[in-house]
Amino acid sequence: MNKSLIPEMTWQEKIKINEMLRTRLLHFLVEETFTTIANISLLLERDYSQAYRLCKKMEDESLLKIHHVMQSTNRHISLCGITPKGIDALRNVFFLREGPIKTFQPSKIGSLEQLRHNLKIQKFRAIYTVHQISLGQIPPFMTYVQTERKPQPDFLIHVSAGKKNVFCVELECTQKSKPRYLQILEGYQNLDIHLLYLFDSEEELQKIGRVIASCKPKNWRPDNFLLFSTIHKVLSPQRRHWEWDDSQYNLHNFLSIVNAIDNTDIKLNKMQWKSFDFGAHPFYSDSHWAGSYPELCGQLDRQGRIVPIISTLEADM
């Protein structure tokens, strides 16, 4: 395409986009406290150098703080965290949750191993924050879990209109022993929930996923899913609507589709990707449920959760 035919942005348009990126970053860091420049690049949909320049400028304004953590002699991780001034700047424009909000303190980062694990969780959140924004809204589909009861998942994903369809998510970075996986799965089995294992690549999924699937307890409930997927592939950002007479209604406009491999398939070495669609079922003006929330429509399981529509994905997905 001839670049001369592409209209240049006005100064006002550039300012507006810059403010949007700054606000998106501050919102993210209010929840995460800090993350890498690489994750910020994913979050802002900009290349690394652009993300770094923005963070550096915001550091000059005392909104953020950049800190380098050494990995080895010649390698380091560049972290960027929020400051008290950054929190105040966002609070002056938006309503923030009640309670104290942590600021970035490099001395409290923790071990390098735990840092890497947390950064991968943040990578997942950055990718799907962008997916949510593409739908025109940012619903609270993902939450961290802070409970005394074990096992403790890395986070929860809500994949329906309410809070009944929930996946406990384990982001698996290193392989554990079979006895340890059996212990973890038995703990989740007692919670009577869906469980999703996430990996950074399909190679890790295939290698470690088969080990985990072979440890599934015999009395694992058939209406609770044990699924395996990757950070980049697991959720589909799709806008939902159904025909109702001559109009269209956006009844389910948020993330609801889980792309994954079922434990039975991976145990048999079948890398068959499937779509688990937790979207609410359509209803019509004469429906008994017409005045109810979408989650109450369609087929439900014994716990009142939506029974998903399962279909096979294309191999080149």
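Described below are features of the structure shown in this document. Since the model is a prediction, treat every value here as computed from it, not as a measurement.

## Examining the nonpolar core
Okay, so step 1: Leu-185, Leu-195, Tyr-197, Ile-212 and Phe-228 are the most contacted members of the largest nonpolar core, which has 25 residues in total.
Okay, so step 2: When contributions to this core are tallied by element, the ones reaching two or more residues are strand 6 (166-171), helix 6 (178-191), strand 7 (194-199), helix 7 (202-213) and strand 8 (226-230).
Okay, so step 3: Broken down by element, the residue count for this core peaks at five residues, all from helix 7.
Okay, so step 4: Leu-29, Leu-64, Cys-80 and Ile-87 belong to the second largest nonpolar core, which has 24 residues in total.

## So, the environment of Thr-129
Okay, so step 1: Along the chain, Thr-129 turns up in helix 5 (residues 112-134).
Okay, so step 2: Take Thr-129: its relative accessible area is 12%, and that puts it in the buried class.
Okay, so step 3: Distance in space between the C-alpha atoms of Thr-129 and Leu-43 is 7.0 Å, their sequence separation being 86 residues.
Okay, so step 4: Setting aside its immediate chain neighbours within four residues, Thr-129 contacts Phe-28 and Leu-43.
Okay, so step 5: In terms of polar contacts, Thr-129 uses its side chain to reach the backbone carbonyl oxygen of Arg-125, at 2.7 Å.

## Focus: the sheet that holds strand 3 (residues 76-82)
Okay, so step 1: Strand order in the open sheet made by the three strands is 1-3-2, with antiparallel pairing throughout. Two strands lie at the open edges of the sheet, namely strand 1 (34-36) and strand 2 (64-70), each paired on one side alone. Neighbour-to-neighbour, the strand axes of the sheet open up by a mean angle of 30 degrees, direction not taken into account.
Okay, so step 2: Across seven bridges, strand 2 lies against strand 3 in antiparallel orientation. Pairing of His-67 across the sheet is with Leu-79, part of strand 3.
Okay, so step 3: Relative to strand 2, helix 3 (residues 48-60) is tilted by about 120 degrees, and along the sheet it contacts strand 2 and strand 3.

## Side note on the environment of Arg-75
Okay, so step 1: By the secondary structure assignment, Arg-75 is in the loop between strand 2 and strand 3.
Okay, so step 2: Relative accessible area serves as the criterion here: at 55%, Arg-75 is assigned to the exposed category.
Okay, so step 3: Setting aside residues no more than four positions away along its own chain, Arg-75 makes contact with Val-69 and Met-70.

What counts, and at which threshold
Residues numbered from 1 in each chain as written. Predicted model: local features only at pLDDT ≥ 70, side-chain atom pairs only at ≥ 80, totals over all residues. Heavy atoms only, no water. Core = buried A, V, L, I, M, F, W, Y, C linked by side-chain atoms within 4.5 Å. Buried < 20%, exposed > 50% of the residue type's maximum accessible area, 1.4 Å probe, protein only. Helix = DSSP H or I, 4+ residues; strand = E, 2+ residues; numbered from the N terminus. Contact = heavy atoms within 4.5 Å. Polar contact = N/O pair within 3.5 Å; in protein donor to acceptor, adjacent residues only side chain to side chain. Pairing = 2+ DSSP bridges. Axes fitted to C-alpha atoms, helices over the stretch in contact; angles between N-to-C directions.

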